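Read off the chains here:
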Amino acid sequence: MSGQENSLVNSTTRTQAPTPQQDSRLDYSAGTAFVEECYVPIRKACLPLLDWGFLRSDATYDVVHVWKGRFFRLQDHLDRFERSVTKLRLTLPYARDDIGRILCHCVRLSGLRDAYVEMICTRGVAPFGSRDPRQCRNRFFAFAIPFVWIVDPERQQRGINLTVSSVVRIPPQSVDPTVKNYHWGDFTRGLFEAFGRGGDTVVLVDLEGNVSEGPGFNVFAVIKAEVVTPGHTVLQGITQRTMQELCTEIGIPCRAATISPAELSQAEEVFLSSTAGGVMPATRVNGQPIGDGNPGPVTLQLRDRYWRRHEEGWHGTPIDYD
Ligand SMILES: Cc1ncc(COP(=O)(O)O)c(C=O)c1O
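These notes cover the structure that comes with them. (Residues numbered from 1 in each chain as written. Predicted model: local features only at pLDDT ≥ 70, side-chain atom pairs only at ≥ 80, totals over all residues. Heavy atoms only, no water.)

1. A short note on the packing of aromatic side chains
In step 1: Evaluation of the coordinates by the stated rule reveals 17 aromatic pairs.
In step 2: Residues F34 and Y39 carry aromatic rings whose centres are separated by 5.1 Å and whose planes lie at 50 degrees to one another, so their mutual orientation is tilted. Across the pair, Y39 and F34 agree in class, each one buried.
In step 3: Plain terms: the ring middles of W67 and F147 are 5.2 Å apart, the flat faces sit at 70 degrees to each other, and that makes the pair edge-to-face. Note that W67 is positioned in strand β3 (residues 59–67) and F147 in the loop between β6 (139–146) and α5 (153–158), a separation of 80 residues in sequence. The same class applies to W67 and to F147, which are both buried.
In step 4: By the ring-pair criterion, three or more aromatic residues cluster together here, those being W67, F72, F147, W149, Y306, W307 and W314. (Phe/Tyr/Trp six-rings, centres within 6.5 Å; stacked < 30°, edge-to-face > 60°. Buried < 20%, exposed > 50% of the residue type's maximum accessible area, 1.4 Å probe, protein only. Helix = DSSP H or I, 4+ residues; strand = E, 2+ residues; numbered from the N terminus.)

Structure (structure tokens):
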């Protein structure tokens, strides 16, 4: 190995974001990815196989959505992404403004008005034989695809059946849950368990057996007319924060609190929050109805307000499609 290969390449030097180039022969309409400094149609996007992001889940990411041509809370997502990058001792190869421009360009190229936009920072490829993460050159990837619904609007009418799993969410002592991560082995195990029990999706428990989070969402319960959501062993969701703000607007108390599986089953209402779908009612927990088995009034009020505030441009960053 040459001295140069052996040197610590994880420097803080930032490169200039490449000038957007588009191949007019390619179809970007199903989505666009930014890979190895090029914009490519999503189906053509490939990862370098030896990147530790793929081999070891050594990566962080964030997802922001676009609704009717506007990013929702873009700066908050960039803030969380930068915090995650720092906590993992990664270094982004581009400045924040350039990352914003790359995301914008992915959306613009695909022409999507409603989109799911992901930014990723991976550890990168180590010199041959090295196990030293400091020797990896960290990489940045991004993509925009059509908006993703964890629960689609039609299914939201009747609400979903949420299964409380026996699987424990990877504990904060092992992986910091405030760093958005790809350690989803526990969620996948929980999902198979949930499907086997007739559930639509799953929420895992923490080491104490209390409700934690699900694959891509935070959980809320309305208990004694108060909105509560687990706050410690989970990702601090941007939609979760939005729910707290909307509760303040409409004068409903909302706070982070421990919820036991029994409390969840007996709650007046249960709903999920995520960038991928907003506010989604769970009308059954472990197959048993919550309240009268229909989406509850607080859930519906929050969901209506969430989408209405989008229409008004609240926390919105317009995209220039020209
Ligand atoms: C594990 C986990 N919890 C919660 C959430 C919800 O976060 P947000 O509202 O920022 O999308 C996500 C989003 O993907 C997630 O992956």
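2. A look at the pairing of strand β7 (residues 160–168)
In step 1: The element β7 is largely enclosed, with a buried count of seven among its nine residues.
In step 2: Two elements, β7 and strand β8 (residues 201–205), share four bridges in a ladder whose sense is parallel. Within the sheet, the bridge partner assigned to V168 lies in β8 and is V205.
In step 3: Traced from β7 through helix α6 (residues 185–196) to β8, the parallel crossover comes out right-handed. (Pairing = 2+ DSSP bridges. Right-handed = clockwise from strand over helix to strand, strands pointing away.)

3. So, a nonpolar patch on the surface
In step 1: There is a patch of nonpolar side chains on the surface, built from L47, L49, L50, F54 and L55 and spanning about 530 Å² of accessible area.
In step 2: Relative to the assigned elements, L55 resides in helix α2 (residues 52–55).
In step 3: Looking at L55, the relative accessible area reads 47%, which means it is partly exposed. (Patch = residues over 30% accessible without salt bridge, like charges linked within 9 Å, V, L, I, M, F, W, Y side chains within 5 Å. Areas by Shrake-Rupley, 256 points an atom, 1.4 Å probe, with all protein chains shown as cover. Salt bridge = Lys/Arg side-chain N within 4 Å of Asp/Glu carboxyl O.)

That's the geometry; what it means functionally is another story.
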